[in-house]
Amino acid sequence: MFLETLTFLTQTLTRATFLLVLLTAGSGDAQSRCTSRRCLAEMLINKNISSQPQYENCTHVIRVPLMEYQTLSVDTKNLRLISRLQATVVWRDRELAWDTSIYNYEEVILPVDTIWTPELHVTNGILTTMEHSSRDLLAYSNGTVKHTVIINAEVNCEVNLFNYPFAADECPVAIQAWSVDGCGTELELGHLRSVDSTHGDWKTDRVDYQKKRDDRNYIMVSLSIKYTNPFITLLLPTILILLADVVSFALPLGGGERNSFKVTLVLSFTMFLGILNNKLPGDSECSPIIRTHFCVCLVLLVLSMLVSLVLTRVAKDGGFIFCCCPKRSGPKNTGNKDDEEDDEAKADISVVQLSGSEESNKMLRMVVNFLQAWEAKGEESERNMELANMLDQTFFWFYLVLGSVYFISMTCVMVKFTCTVNHFDFWY
């Protein structure tokens, strides 16, 4: 009985060992024969390819079949162009190829951080960041790899702002890959497309691939400003303030209403400039002429105010400045002489008694002298007012013609004058 039991246990253990060996061998064969897409990806990942493909030629070609350009904003204060580029990059790495007879797939998805990927730079970018559009990329059976990257660049661009707010200019965005002493990567650019071309006050009119040399590729971005908003907020207020100053000549010189109004215009324009100081464009090689325009407008307003104050003095006293003493009229001196005679007569009235007729004549002469002095003073005031009005009309027409000629000339200069800027000084 014991022997039979021992024999049964021995046979059972042998069978179990044999089955275990068969299962282990079958599992190993199954693992070695794994041909799924995931097994293919794991096989490529295990190669740990983290360096650039390097063959006989030290330079590897990176194709960019499509690049999308977008202008995010134009900082006219600091002269910066902020843009976004989305590029599809394609390159070939023979180490990533596989035999389609074993792995019957033409493409496979790989994590982007497990293999080498090229980097694109903006040469004239002050701040540039490149990000992967996805955590994965696509690899093909012949070793071709396709990926998409996003570049955010802040470019130092000397935008021509001389004609602001009618400005238009071109700004280069230099694109390159890493390369040193003939080794590295070389870009082969394809199609370029502009997306979402309008942002803020600026719009992107056109984008083109251009190059200075074979290794100096750049995107020439043609920009133009939408002048509606700057015209309404900057130029139109100056036109209306000067127009109000011209119309203020309809107010009379006397009474002080005109002077008060002109002082108010000057103070309002000064406050207007203070508020808009942070919104005005910054200085560059071609300084914005709108700053000169504001300065001229302020000078015209102050000149008009000073002339109005001087003419008010002329209308009252006949002199241009306070140190010029007005002329005294003859009847006024006669009246003073009569007053002195009247005082002498009053001093002697206690001694000599005048008759009624003589006293009446004396009073009559006093009234006549007073009326003559008043009439002379009125005539002098009328002459002063006529002189002031004549000078006021002359200055009005001079001011109107000068202001009209200035605005026409300034508009022509803002629209048509061309100022050139060297945009490629970052390349030496």
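Described in the following lines is the structure provided in the data block. (Residues numbered from 1 in each chain as written. Predicted model: local features only at pLDDT ≥ 70, side-chain atom pairs only at ≥ 80, totals over all residues. Heavy atoms only, no water.)

## Some remarks on helix 4 (residues 257-275)
As a reminder, the rule being used: Strands are runs of DSSP state E lasting at least two residues, helices are runs of H or I lasting at least four, and both sets are numbered from the N terminus onward. To estimate how far a helix should extend, the number of its residues minus one is multiplied by 1.5 Å. Per-residue accessibility, obtained with a 1.4 Å probe over protein chains only, is compared with the maximum for each type, and a residue is labelled buried under 20%, exposed over 50%, and partly exposed between these values. Note that the arc is computed from the directions linking the helix axis to the C-beta atoms.
Spanning 19 residues, helix 4 covers 27 Å between terminal C-alpha atoms, matching the ideal 27 Å at 1.5 Å per step. Among the residues making up helix 4, those that are buried are Arg258, Asn259, Lys262, Leu265, Val266, Phe269 and Phe272. All buried residues of helix 4 lie within an arc of 150 degrees about the axis, which places them on one face of the element. Opposite its buried face, helix 4 presents the exposed residues Leu267, Met271, Gly274 and Ile275, each directed more than 90 degrees away.

## Things to note about the environment of Gly403
Checked against the element boundaries, Gly403 lands in helix 7 (residues 356-416). A sequence separation of 157 residues divides Gly403 from Val246, and the C-alpha atoms of the two residues are 9.0 Å apart.

## Thoughts on the packing of helix 4 against helix 5 (residues 289-317)
Where we set the bar: Here an angle of 0 to 180 degrees is reported between the N-to-C directions of two axes, which are lines fitted to C-alpha atoms, with helices fitted over the stretch in contact. We call two directions roughly parallel when the angle between them is under 35 degrees, roughly antiparallel when it is over 145, roughly perpendicular when it lies between 65 and 115, and oblique otherwise. In a left-handed crossing the near helix is turned counterclockwise from the far helix by less than a right angle, and in a right-handed crossing that turn is clockwise. Residue contacts are defined here by distance: any two heavy atoms, one from each residue, within 4.5 Å place the two residues in contact. As a working rule, the residues Ala, Val, Leu, Ile, Met, Phe, Trp, Tyr, Cys and Pro are called nonpolar, Asp, Glu, Lys and Arg charged, and the rest polar, with Gly in that last group.
Put simply, helix 4 and helix 5 touch, their axes get as near as 9 Å, and they point 160 degrees apart. The orientation of helix 4 with respect to helix 5, classified from their angle, is roughly antiparallel. At the point where helix 4 passes helix 5, the crossing takes the left-handed sense. Contacts between helix 4 and helix 5 pair Arg258, Asn259, Lys262, Val263, Leu265, Val266, Phe269, Thr270, Phe272 and Leu273 from the former with Phe294, Cys297, Leu298, Leu301, Val302, Ser304, Met305, Ser308, Leu309 and Thr312 from the latter. Looking at the contact of helix 4 with helix 5 residue by residue, the classes come out as 13 nonpolar, 5 polar and 2 charged.

## Some points on the state of the cysteines
The following threshold applies: Sulfur atoms of two cysteines make up a disulfide when they are within 2.5 Å.
Tallied over the full model, the rule gives 3 disulfides. Sulfur-sulfur distance for the disulfide between Cys34 and Cys39 comes to 1.7 Å. Between Cys34 and Cys39, the S-S dihedral sits near 75 degrees, and the bridge is therefore right-handed. Residue Cys58 pairs covalently with Cys183 via a disulfide, S to S 1.8 Å. Given an S-S torsion of about 115 degrees, the disulfide between Cys58 and Cys183 has right-handed geometry. Of the two residues, Cys58 is situated in the loop between helix 2 (37-46) and strand 1 (59-75) and Cys183 in strand 10 (residues 183-194); the sequence distance between them amounts to 125 residues. The partly exposed category is assigned to Cys58, whose relative accessible area is 30%. The exposure class assigned to Cys183 is partly exposed, which follows from its relative accessible area of 26%. This cysteine, Cys295, is not joined by any disulfide, and Cys297 carries the nearest cysteine sulfur, 9.3 Å off. A relative accessible area of 48% places Cys295 in the partly exposed class.

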